[in-house]
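For reference, the chains in residue letters:
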Amino acid sequence: MLTRRRLAGLAGATALAFTLTGAAFAQDPIVIKFSHVVAPDTPKGKGATKFKELAEAYTDGAVTVEIYPNSQLYKDKEELEALQLGAVQMLAPSLAKFGPLGVPEFEVFDLPYIFDGYESLHRVTNGPAGESLLAKLEDKGIKGLAYWDNGFKVMSANSPMHTPDDFLGLKMRIQSSKVLEAQMRALGAMPQVMAFSEVYQGLQTGVVDGTENPPSNMYTQKMNEVQKHATLSSHGYIGYAVIVNKGFWEGLPEETRTQLERAMDEATEYSNGIAKEENETQLQAMIDSGTTEFYELSPEERQEWIDALMPVWEESAGRIGQETIDLISAAARGE
């Protein structure tokens, strides 16, 4: 958490920033601090770089985008608070982060096996169902601009995970999400919430036994160096919402906002276009390295996982809302 003194300073800076007039904006470049917690060479990191290039080009230098990757400014638990206070203007947190913020509907994305691949996913994130979820952030002082893919997750640990019984007693790192907690408990594992920047060390030292990540995160953070086994389960999805401080966004000149929306649309198309390709490429690189043994579930084993995890949907309905679950699952099926 941010300290009380730091919060006061940030709040004061925010109040000052929001008093800027249109004339002041015209005189000085508008600075957008874009903070995220992953490496620059991940799909999200490359998407942020693409947005910077396009935003600065389309605004003819009226906007400067400063990118801070790898938790350089804030860790997972701090960054949303910093955005709300205006200490940074843009983030791309994983969708699981909005539950602790008070918008648990986003945890629908954490439900196991709710999406059957990218086509199913994009029916939601590119359609009205996804837009309706982003709109729920506005009461928190946040404007949602886009969804960026990371990918579908693999499970990793230092022991094989072929059936749900193989998880019994494992300490598995998760993001802060009640749904992910329920998922690990359904498998017999012990969920451990840990900041993304601390996962490698946690795995290396045995504080946690395993974790779940798309291959791109696993590869760029070198988790394969400290995980002997991984299962290609595709049981869940990790994606991000690109968000801005609502007051900052609404205070921009309309023309600038339109230019930035164009930049974001194109950066989103680029980022999502490379996410699947990079996950496949980096998965193969880890397989080729030989440090981790990757296992592909048989259809029968996959069904065992589904049967073990489906109760998580019912358990989570009271938190997420059955209406939201029905909306997203129907949209994912194309209904």
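Source: prediction; values computed, not measured.

Looking only at helices and strands, one finds 15 helices and 11 strands in the protein. By the compact-globule yardstick of 20 Å for 335 residues, the protein fits well, its C-alpha radius of gyration being 20 Å. Over its C-alpha atoms, taken along the principal directions, the protein stretches across nearly 65 × 40 × 40 Å. Relative to its full complement of 335 residues, the protein shows a buried share of 54%. Placing the 29 positive and 48 negative side-chain charges of the protein at their respective mean positions leaves the two points 7 Å apart.

Sheet analysis places strand S6 (residues 171-174) next to strand S7 (residues 190-193), joined by four bridges and oriented parallel. Residue pairing in the sheet places Ile174 in a bridge with Val193 of S7. Following the chain from S6 across helix H8 (residues 178-186) to the adjacent parallel S7, one finds a crossover that is right-handed. Note: S6 against strand S8 (residues 210-213), two bridges, orientation parallel. In the sheet register, Arg173 faces S8, and the bridge partner there is Thr211.

The tally for this structure, following the rule as stated, stands at four cavities of 30 Å³ or more. Size it by volume and the largest cavity reaches roughly 100 Å³. Along its surface, the largest cavity is lined by 13 residues, and Ser94, Gln175, Phe196, Asn217 and Tyr240 are the ones closest to its centre. The residue makeup of the lining of the largest cavity, split by class, is five nonpolar, four polar and four charged.

Let's shift gears to the packing of aromatic side chains. Scanning the entire structure with this criterion turns up nine aromatic pairs. Note on Phe34 and Trp148: the rings are 6.3 Å apart at their centroids and 40° apart in plane angle, and the pair reads as tilted. Of this pair, Phe34 sits in strand S1 (residues 30-35) while Trp148 sits in strand S4 (residues 142-152), and the two are 114 residues apart along the sequence. On the accessibility criterion, Trp148 (0% relative accessible area) is buried. Plain terms: the ring middles of Phe98 and Phe106 are 4.8 Å apart, the flat faces sit at 55° to each other, and that makes the pair tilted. Since its relative accessible area comes to 0%, Phe98 is described here as buried. Owing to a relative accessible area of 0%, Phe106 belongs among the buried residues under this scheme. Three or more aromatic residues joined by ring pairs make a cluster, and in this case those are Phe109, Phe115, Tyr118, Tyr147, Phe152 and Tyr237. Positioned over the ring face of Tyr270 is Lys50, at 4.9 Å from the centre of the ring.

For the coordinates displayed, the defined rule picks out 14 salt bridges. We note a salt bridge from Arg185 to Glu181, for which the minimum N-O separation is 3.8 Å. Here the residue Arg185 and the residue Glu181 both occupy positions in helix H8, the gap between them amounting to four residues, near one helical turn. Of the residues examined, Arg185 reaches a relative accessible area of 44% and is grouped as partly exposed. A salt bridge links Glu280 to Lys276, with the nearest nitrogen and oxygen atoms 2.6 Å apart. Within this pair, Glu280 and its partner Lys276 are both found in helix H12 (residues 254-289), separated by four residues, close to a single helical turn.

Before going further, it helps to examine the layout of surface pockets. If you add up the space inside the largest pocket, you get close to 490 Å³. Forming the boundary of the largest pocket are 18 residues, of which Phe152, Leu232, Ser233, Ser234 and Leu283 lie nearest the centre. Taken together, the residues that form the lining of the largest pocket break down as eight nonpolar, four polar and six charged.

Before going further, it helps to examine the sheet that holds strand S2 (residues 63-68). In space, the five strands of this open sheet follow the order S2-S1-S3-S10-S4, with mixed pairing throughout. Both outer strands of the open sheet, S2 and S4, are each paired with one neighbouring strand and no more. Against the sheet, helix H3 (residues 43-58) engages S1, S2, strand S3 (90-91), S4 and strand S10 (237-245), with an angle of about 165° to S2.

Let us look at the packing of helix H7 (residues 128-135) against helix H15 (residues 322-333). Contact geometry for H7 and H15: axes closest at 9 Å, N-to-C directions at 145°. Contact residues: Ala129, Ser132 and Leu133 in H7; Thr324, Leu327, Ile328 and Ala331 in H15. In the contact of H7 with H15, the residues fall into five nonpolar, two polar and no charged.

On to the confidence of the model for the protein, then. Chain-level statistics for the protein give a pLDDT mean of 91 and a share of 92% at 70 or above. Considering only residues more than four positions removed or in separate chains, one finds that residues 3-9, a stretch of pLDDT under 50, has six contacts. Segment residues 11-26: pLDDT under 50, and 11 contacts once partners within four positions in sequence are set aside and those in other chains are kept.

Attention shifts here to the packing of helix H13 (residues 299-309) against helix H14 (residues 311-320). At their nearest, the axes of H13 and H14 sit 5 Å apart, and the two run at 25° to each other. By the angle between their axes, H13 is roughly parallel relative to H14. Residues Asp307, Ala308 and Leu309 of H13 pack against Pro311, Val312 and Trp313 of H14. Of the residues contributing to the contact of H13 with H14, the split by class is five nonpolar, no polar and one charged.

The rules behind each value
Residues numbered from 1 in each chain as written. Predicted model: local features only at pLDDT ≥ 70, side-chain atom pairs only at ≥ 80, totals over all residues. Heavy atoms only, no water. Helix = DSSP H or I, 4+ residues; strand = E, 2+ residues; numbered from the N terminus. Rg over C-alpha atoms; globule rule 2.2 N^0.38 Å. Buried < 20%, exposed > 50% of the residue type's maximum accessible area, 1.4 Å probe, protein only. Lys, Arg positive; Asp, Glu negative; His and termini not counted. Charge placed at Lys NZ, Arg CZ, Asp CG, Glu CD. Pairing = 2+ DSSP bridges. Right-handed = clockwise from strand over helix to strand, strands pointing away. 1 Å grid on protein atoms, 1.4 Å probe; cavity = no way out; pocket = protein on both sides within 12 Å on 5 of 7 lines; lining within 4 Å. Points joined across faces, edges and corners; volume = space filled by probe spheres on them. Nonpolar A, V, L, I, M, F, W, Y, C, P; charged D, E, K, R; others polar. Phe/Tyr/Trp six-rings, centres within 6.5 Å; stacked < 30°, edge-to-face > 60°. Lys NZ or Arg CZ within 6 Å of the ring centre and 35° of its normal. Salt bridge = Lys/Arg side-chain N within 4 Å of Asp/Glu carboxyl O. Contact = heavy atoms within 4.5 Å. Axes fitted to C-alpha atoms, helices over the stretch in contact; angles between N-to-C directions. pLDDT = per-residue confidence, 0-100. Parallel < 35°, antiparallel > 145°, perpendicular 65-115°, else oblique.

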